[in-house]
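Below are the chains, spelled out letter by letter.
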Amino acid sequence: MRFQNPLFQVLCLVITVILYPTATADHDAFSIDTYINYKMQNLEQTIMRKLETHLEQHSNHVIEKLAALTTKVQQIADSNQNLRNITDNLLVGQRELQQQLTSVKDDLQYHRSKVEQEKANEKEFHKFQNSTNAQHEEVIETLAALTTNVQQLAESFKNLQKISDNLVANQPQVEQQLTNINNVLYENSKTLILPSCATLNINETGAYSIRPAGVVEPFLVLCDFEDNFELGGGWTVFQRRFNGAVNFYRNWTMYKNGFGDVNGEHWLGLEKLHVMTRSGRHEMLVILENHEGNTTYALYDSFQIGSEAEKYKLTIGNYSGTAGDSLSCSNGANFSTFDQDNDPISDLNRAQDKSGAWWFNAYLFSHLNGTYRRKGERRITFREGVIWVNWKGPIYSLKSTKMMVRRRSE
């Protein structure tokens, strides 16, 4: 290895000149450069040997230090691994301990709830025991009271047995007394149940029993005491409709005997009308209402219904009122139902055609027993529905109707 640094070469030359001042005699054999190179080589070799020796010693020392350090690092690594193992074991132990603590806590909670439940059960048992004792005492008292009652009933039964024996012995006399009482009650009822609504000493509208002349059994009617159109009260309602709740498409028997409830929609019955109007003079009032809330009336100064043999023929008198006369065209007509066609049209059953029942004649200007139609409900056929032609025309079905009869005073 050669030292090529110029400063180092100059330094070596100066040292050579100082050390060897007499070297000029040898200039012929060696040049200064050659000499200097020679010395430099020797010096370089010497320095290199010393450096190598020093580096070798230093390297060995470093290797020893590194070996020692490696040993310590390995020891530290081993210690860290041991610490990691210990830490992992501690974590596992901690988790196991936590699980055990949780289990112990759950067991404690369970036992605490069981203890509380036992306490509650004990309280309930004491309550039940107290209640049972009270009930037991009540049962004893009740049994004592029942025993007393049974004894009293036994005494009462003995007394009833004696009374029964007396009644059996006196049965003919008792039956005769009951018959006499019934006869008296029947005679008194004739004066108590009046023949019509007009004869009732009452002025409150409601359901009352009447017994027209010649009728054995009284029947219930709706008596109207309102001063309708200033015509006074005392009217007997025989037809009423206002919401379509009752079906008026009925057979002959139903119209004969009547149907519905007198407090609601109903038909009183043709046979009742016959017995009510066969003696004396009666008048009839018809009250009509449209779906807009307007009301009107038709009054006929005489009204009579024939017998069943006469097909309950209609006979009416003069008209007055605001509704228009739509019933006079039925004067003298027989009553018709879908199962008994009594109208004068040979090839048509008007009751069946118009789904109702009425005193149909050749011309149809009224039919208050037709199919009920609510406001806006579509009609099926012409003049079909609850109609009174002279007031609202043949295509308007009315909201409510009320037909009433009253005996005239003159």
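Bear in mind the structure is a predicted one, so any value in this text is a computation, not a measurement. (Residues numbered from 1 in each chain as written. Predicted model: local features only at pLDDT ≥ 70, side-chain atom pairs only at ≥ 80, totals over all residues. Heavy atoms only, no water.)

Now for the side chain of His274. In this fold, His274 is placed in helix 5 (residues 270–277). Taking the relative accessible area as the measure of exposure, His274 reaches 12% and is therefore buried. Once residues within four sequence positions are removed from consideration, His274 is found in contact with Ile305, Gly306, Ser307 and Tyr312. (Helix = DSSP H or I, 4+ residues; strand = E, 2+ residues; numbered from the N terminus. Buried < 20%, exposed > 50% of the residue type's maximum accessible area, 1.4 Å probe, protein only. Contact = heavy atoms within 4.5 Å.)

Here is the key point about a regular strand: its side chains alternate between the two faces of the sheet. Taken across its eight residues, strand 13 (residues 400–407) has seven buried, putting it largely inside the fold. Examined bridge by bridge, strand 3 (residues 235–241) and strand 13 share five bridges and lie antiparallel to one another. Bridging from a neighbouring strand, Arg240 pairs with Lys402 of strand 13. Sheet topology note: the strand 6 (residues 282–289)/strand 13 ladder contains eight bridges and is antiparallel. Across the sheet, His282 pairs through a bridge with Arg407, a residue of strand 13. (Pairing = 2+ DSSP bridges.)

A few words on the pattern of salt bridges. One pass over the full model with this rule turns up six salt bridges. Ionic pairing is found between Asp301 and Arg281, a salt bridge with its closest N-O pair at 3.7 Å. Note that Asp301 is positioned in the loop between strand 7 (295–300) and strand 8 (303–305) and Arg281 in the loop between helix 5 and strand 6, a separation of 20 residues in sequence. A salt bridge links Glu384 to Arg373, with the nearest nitrogen and oxygen atoms 2.8 Å apart. In this pair, Glu384 sits in the loop between strand 11 (366–367) and strand 12 (387–388) while Arg373 sits in the loop between strand 11 and strand 12, placing the two residues 11 residues apart along the sequence. Arg373 sits in the buried class, given a relative accessible area of 10%. (Salt bridge = Lys/Arg side-chain N within 4 Å of Asp/Glu carboxyl O.)

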